[in-house]
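Letter by letter, the chains look like this.
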Amino acid sequence: MSPLDTLESLAEVGQPPVLTDRAPAQRWQQSLAALAQAGGPTPEQYPMLQQQLAHIHSARMSGDLSDESLQTLRHTLGAAMGLATLQGRSWLKPYGYAGDFQVIDDIYQEVRCSDPHLRAWDDYFHAQPAVKAVRNRKAYFKALVQSAALAKGGNAGHPLKVLNVASGPCRDVAELLAECPDLAVHFTCVDLDEQAIAHAQRLCAAWPDQVRFVRANALRLALPERFDLVWSAGLLDYFSAPLFVRLLRKFMSLAAPDGEIVVGNFSTDNPSLAYQAWADWLLIHRSPEQLRALAAQAGAPVSQVEAEPEGVNLFLRVSASANLPTS
């Protein structure tokens, strides 16, 4: 049974089951139930909730808290873990995967639930350093493209060519083109989710000559042209080290000889890790040293790691290699 089906069945019953685990889990359930009854946490309660979620995550990782009990704790929040809230949508995954285009776009726009009894949960979601980092990466991307386009000194006939892999909602692309109408840039946006592409096409409808869309699996991506900038904001931290290296090599093969590849990955220094686990938005966190080591494995001749202001979302930057194989 999916989380969504389970949530609906519990809603019919009216109350989640009472935990029979040892005392800490019962106390966590009572505390979460009180927060749900109060309409969500206040800013003053954020540290307490963060600490509690950290304890829950630690207990789950050590095996002291079962999957079934974790689900019960989530159900304790009732509608606050439903489709009306961002944390609920992260857990229930209505599009079938974590970090879907609609959640990302709602993060970019700081969307909050209109129900006053649930809004505080979205306030809490948006206050997370990890969520702020996602918003920051939009600004990082826009500045990166602007800088690269100006450095190239291109014109309408020779624009900066950007490959955007796992492009999601493309609000960053639409905002940049609206803010910089004279910027000489062309985007090729790749995503596997056809609903994400449809959403992005609507946002970018005003620039049909500057944005094209390709529905494809990144691992099997094959394009005849080469790009000045290959960008992937939130894809590689879902993949193991071997797949990371494989994708990075593919990205390098798709870059022009003097091009650059920039990929995002969440840092091991992520204060929101326990909350992300609570919302079942699981990533492979990596340190700058780990990212540089993976770049070296991929054969990147030069690499560096940057971060957005929160220090949560890291960006590995590597230069392209003209003769790198595509496998």
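Residues numbered from 1 in each chain as written. Predicted model: local features only at pLDDT ≥ 70, side-chain atom pairs only at ≥ 80, totals over all residues. Heavy atoms only, no water.

Draft legend 1. Structural detail: the packing of helix 6 (residues 101-109) against helix 10 (residues 194-203). Interhelical geometry of helix 6 versus helix 10 gives an angle of 40° and a closest axis separation of 9 Å. On helix 10, the residues that touch F101, Q102 and D105 of helix 6 are Q195, A196, H199 and L203. Classifying every residue of the contact of helix 6 with helix 10 by side-chain character gives three nonpolar, three polar and one charged. (Axes fitted to C-alpha atoms, helices over the stretch in contact; angles between N-to-C directions. Helix = DSSP H or I, 4+ residues; strand = E, 2+ residues; numbered from the N terminus. Contact = heavy atoms within 4.5 Å. Nonpolar A, V, L, I, M, F, W, Y, C, P; charged D, E, K, R; others polar.)

Draft legend 2. How the structure looks around the pattern of salt bridges. A full pass over the atoms with the stated rule returns 16 salt bridges. Its salt-bridge partner being D67, residue R60 comes within 2.4 Å of it at the nearest N-O pair. Accessibility expressed as a relative area gives 48% for D67, which makes it partly exposed. Put simply, K161 and E225 hold a salt bridge, and the shortest N to O gap is 3.1 Å. Placement of the pair is K161 in strand 1 (residues 160-165) and E225 in the loop between strand 3 (211-215) and strand 4 (227-232), with a sequence separation of 64 residues. (Salt bridge = Lys/Arg side-chain N within 4 Å of Asp/Glu carboxyl O. Buried < 20%, exposed > 50% of the residue type's maximum accessible area, 1.4 Å probe, protein only.)

Draft legend 3. Molecular detail of unusual backbone geometry. Phi angles above zero are rare outside glycine, and A166 is one such case at about 60°. Even without being glycine, C170 reaches a positive phi, approximately 65°.

Draft legend 4. Fine view of the nonpolar core. Counting residues in hydrophobic clusters, the biggest one holds 40 residues, and the most contacted among them are L53, I56, L65, L77, W278 and W281. Listing elements by their share of this core, those giving two or more residues are helix 2 (23-38), helix 3 (46-62), helix 4 (67-76), helix 5 (86-92), helix 6, helix 7 (119-126), helix 8 (129-152) and helix 12 (273-278). Apart from residues lying up to four places away in sequence, W278 is in contact with L32, L53, I56, L70, L73, R74, L77, M81 and Q87. Core analysis: the next-biggest nonpolar cluster, separate from the first, contains 33 residues, V190, L236, M252 and L254 among them. (Core = buried A, V, L, I, M, F, W, Y, C linked by side-chain atoms within 4.5 Å.)

By themselves, these figures tell us nothing about what the structure is for.
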